[in-house]
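What follows is the residue order along each chain.
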Amino acid sequence: MNITVIGSGYVGLVSGTCFAEMGNKVTCVDIDPIKIEKLNNGVLPIFEPGLEQMVLKNVKNKNLFFTTALLEALADSEIAFIAVGTPMGADGSADLQYVLAVAKSIGQFMQKRLVVVDKSTVPIGTADKVKATIQKELDIRKSNLKFNVVSNPEFLKEGAAISDFMKPDRIVVGSDSNFSIELMKQLYHPFCMSRDRFISMDIRSAEMTKYAANAMLATKISFMNEIANICEKVGADANQVRIGIGSDQRIGYSFIYPGAGYGGSCFPKDVKALTKIAKEHGYEAQLITAVEEVNDAQKLVIAQKIVKRFGEDLTGCTFGIWGLAFKPGTDDMREAPAIYVIKELVSRGAKIKAYDPKAVNEAKEHYLKGVQNITYADSKYDVLKDSDALVLLTEWKEFRSPDFEELKNQLKKSIIFDGRNQYSTFNLEENGFEYYQIGKQ
Ligand SMILES: NC(=O)c1ccc[n+]([C@@H]2O[C@H](COP(=O)([O-])OP(=O)(O)OC[C@H]3O[C@@H](n4cnc5c(N)ncnc54)[C@H](O)[C@@H]3O)[C@@H](O)[C@H]2O)c1
């Protein structure tokens, strides 16, 4: 099939590349000419394991193209995916300006019958707005071209995006037309070879499914973080409690690790947007509001432990940070707990030396740009020298089995604050470290 994917970020680039991998001819469009130039020169604008090789291979095979010219891309396409950002607006609701700008351009440029797919995470009712926007442009052109709008929310996880896309748990498609459903089934058939993963439903239910999924996962995280905070108060160990409750199949082990709170480009904005959507329809989403409040507070728990140990005024203290990305396997720092922890420590006078395997440039250029008193290191051990303590904030594999002798030799004091959603299996107290975790006194 001939496909256009509009928006070549984490979702658009991965989706487009995976469709190309299955033999489709895919054109990825982006409004950002620098991004497109880089992609045309074989340079990826994001880090995602396995993506670079797959992009280069499909470009070479002439299955995958990059352009800023939507008109040309749409000329041959049967399907156009909208995969642009839907960031949090000033009032907490999803900002639809990019989605609707794309819809307008589609209406202006489409040349043949088209199925337009909302892949971005969008509030319930957005497909209707996309449809109306395209129709308005067609009316201006006095065109009677046919089109359908379907909802196909994306569930990939950054850091495992390729495998999630190639072997999805489910493919949710919301549509009011058999023609679109059949076309989408055909497109996704190669991703469902071992069993049927295609779930079709009405458009609004598909739009809601994405928010419900993210809200459920965020709820598990905030629930466990709240349990961890209570564990600390009552002298229980949240990690043992985690194992105790996870063994119940109805609860399960996934998403119940206590940690520094959820971040990333999806959970924070989608949880917020869902409460907003509910409110607009006259419903107070109390549980989901609480999930967000617990998470906001959780991002600062590690900083509070540091303050408790070193005092309110951190002038003269230096902290070595391991991990800036919001989770391992990505360079994405959107809403990463590290941003909040570092800003809090710096505001109290501390100096920071930070290391991350992939996200240092993101920190320097965007998320910690202009924040004083931060230096960055190329190796994890380089942040330790003259640091009063090590603070772990992302679960990168290379932090799992560090050289503890090196840590002891380099750090001024053998103190570790561990804010990862995972516990070290080392008995650090016995090895002479002061070791502070979330969920344990
Ligand atoms: N990142 C994830 O893990 C993930 C997972 C599932 C769903 N989503 C959803 O997918 C959507 C995209 O997220 P993302 O993380 O890929 O965003 P992103 O910011 O990485 O990428 C969006 C891209 O769209 C481009 N763009 C903006 N306006 C455009 C226009 N008019 N024409 C062409 N390109 C345009 C931007 O330049 C950018 O490259 C969001 O709604 C998000 O909630 C994201």
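For the structure, check the block above.
Values in this document were obtained by computation on a predicted structure and should not be read as measured data.

(A) Highlighting the overall build of the protein. On a plain count of helices and strands, the protein comes out with 16 helices and 14 strands. The C-alpha atoms of the protein give 23 Å as radius of gyration, which agrees with the globular expectation for 441 residues (22 Å, within 12%). The dimensions of the protein, computed from C-alpha atoms along their principal axes, are 75 × 50 × 45 Å. Within the protein, the proportion of its 441 residues that are buried is 54%. When contacts within the protein are restricted to residue pairs at least 6 apart in sequence, long-range pairs at least 24 apart make up 74% of them. Working note: accessible area of the protein is about 20000 Å², and carbon and sulfur atoms make up 51% of it. If the 54 positive side-chain charges of the protein are averaged to one point and the 56 negative ones to another, these points end up 2 Å apart.

(B) Helix α9 (residues 203–234), seen in detail. For α9, spanning 32 residues, the distance from its first C-alpha to its last is 47 Å, which sits close to the expected 46 Å at 1.5 Å a residue. Where α9 begins, one side-chain oxygen reaches toward the backbone nitrogen of R204, 3.2 Å away; that side chain belongs to D202. Within two residues after α9, G235 carries a phi angle of roughly 80°, on the positive side.

(C) Structural context of the sheet that holds strand β10 (residues 351–355). Taking strand neighbours across the sheet as the criterion, the six strands line up as β11-β10-β9-β12-β13-β14 in an open arrangement whose pairing is parallel. For this open sheet the edge positions go to β11 (374–376) and β14 (434–437), each flanked by a neighbour on one side alone. Looking at each pair of strands side by side, their axes are set apart by 20° on average, direction ignored.

(D) Expanded view of the packing of helix α1 (residues 10–21) against helix α3 (residues 51–60). Two numbers describe how α1 lies on α3: the axes approach to 10 Å, and their chain directions differ by 50°. With respect to α3, the axis of α1 lies oblique. In this structure, the crossing between α1 and α3 has a hand that is left-handed. Along its contact with α1, which presents L13, V14, T17, C18, A20 and E21, the element α3 presents L51, M54, V55, K57 and N58. Considering only residue class, the contact of α1 with α3 consists of seven nonpolar, two polar and two charged.

(E) Up close: the pairing of strand β5 (residues 114–118). When you tally the buried positions in β5, you get five out of five residues, the bulk of the element. One ladder, built from four bridges, connects strand β4 (residues 79–82) with β5; its direction is parallel. Bridged to I82 within β5 is D118. Regarding the hand of the β-α-β motif, the stretch spanning β4, helix α5 (residues 97–109) and β5 is right-handed.

(F) Region of interest: the environment of P168. With respect to the helices and strands, P168 occurs in the loop between α7 (161–166) and β7 (171–174). Exposure remark for P168: the relative accessible area of 9% places this residue in the buried category. Between the C-alpha atom of P168 and that of F155, which follows or precedes it by 13 residues, the distance is 8.0 Å. When residues no more than four places from it in sequence are discounted, the contact partners of P168 are F191 and R197.

(G) Examining the site of the ligand more closely. Near the ligand you find 26 residues, and of these D30, K35, T86, E158 and K269 are the closest. For the ligand, an oxygen atom lies 2.6 Å from a polar atom in the side chain of K35. Contact distances for the ligand include 2.9 Å between an oxygen atom and a backbone N or O atom of T121. Taken by itself the ligand offers 830 Å² of open surface, and the protein chains cover 88% of this. Broken down by secondary-structure element, the contributors of at least two residues to the shell around the ligand are α1 and α5. Here the shell around the ligand is composed, by residue class, of ten nonpolar, eight polar and eight charged.

(H) The pattern of salt bridges, seen in detail. Going through the model one piece at a time under the given rule, you end up with 21 salt bridges. Between E158 and R334 there is a salt bridge, with its nearest N and O atoms 3.7 Å apart. Taken together, the positions of E158 in the loop between β6 (147–151) and α7 and R334 in the loop between β9 (318–322) and α14 (337–347) put the pair 176 residues apart, joining distant regions of the chain. With a relative accessible area of 31%, R334 lands in the partly exposed category. Residues D388 and K413 are paired through a salt bridge, measuring 3.1 Å at the closest nitrogen-oxygen approach.

(I) Seen up close, the packing of aromatic side chains. Going through the model one piece at a time under the given rule, you end up with 16 aromatic pairs. Ring centres of F310 and F319 lie 5.3 Å apart, and the angle between their planes is 80°; on these two criteria the pair is classed as edge-to-face. The ring of F179 carries the charged tip of R113 above its face, separated from the ring centre by 3.7 Å. The cationic tip of R309 hangs over the ring face of F310; the distance from NZ or CZ to the ring centre is 5.0 Å.

(J) Representation of the environment of A389 in the model. On the secondary structure map, A389 appears in strand β12 (residues 389–392). A relative accessible area of 0% means that A389 is categorised as buried. Residues A389 and V5, spaced 384 residues apart in sequence, show a C-alpha to C-alpha distance of 46 Å. Those residues in contact with A389, other than ones at most four positions away along the chain, are F310, T318, F319, G320, L411, I415 and F417.

How each quantity is defined
- Residues numbered from 1 in each chain as written.
- Predicted model: local features only at pLDDT ≥ 70, side-chain atom pairs only at ≥ 80, totals over all residues.
- Heavy atoms only, no water.
- Helix = DSSP H or I, 4+ residues; strand = E, 2+ residues; numbered from the N terminus.
- Rg over C-alpha atoms; globule rule 2.2 N^0.38 Å.
- Buried < 20%, exposed > 50% of the residue type's maximum accessible area, 1.4 Å probe, protein only.
- Contact = heavy atoms within 4.5 Å.
- Areas by Shrake-Rupley, 256 points an atom, 1.4 Å probe, with all protein chains shown as cover.
- Lys, Arg positive; Asp, Glu negative; His and termini not counted.
- Charge placed at Lys NZ, Arg CZ, Asp CG, Glu CD.
- Expected span 1.5 Å × (residues − 1).
- Polar contact = N/O pair within 3.5 Å; in protein donor to acceptor, adjacent residues only side chain to side chain.
- Pairing = 2+ DSSP bridges.
- Axes fitted to C-alpha atoms, helices over the stretch in contact; angles between N-to-C directions.
- Parallel < 35°, antiparallel > 145°, perpendicular 65-115°, else oblique.
- Left-handed = near helix turned anticlockwise from the far one by under 90°.
- Nonpolar A, V, L, I, M, F, W, Y, C, P; charged D, E, K, R; others polar.
- Right-handed = clockwise from strand over helix to strand, strands pointing away.
- Near = heavy atom within 4 Å.
- Salt bridge = Lys/Arg side-chain N within 4 Å of Asp/Glu carboxyl O.
- Phe/Tyr/Trp six-rings, centres within 6.5 Å; stacked < 30°, edge-to-face > 60°.
- Lys NZ or Arg CZ within 6 Å of the ring centre and 35° of its normal.

These figures come from the coordinates and say nothing about function on their own.
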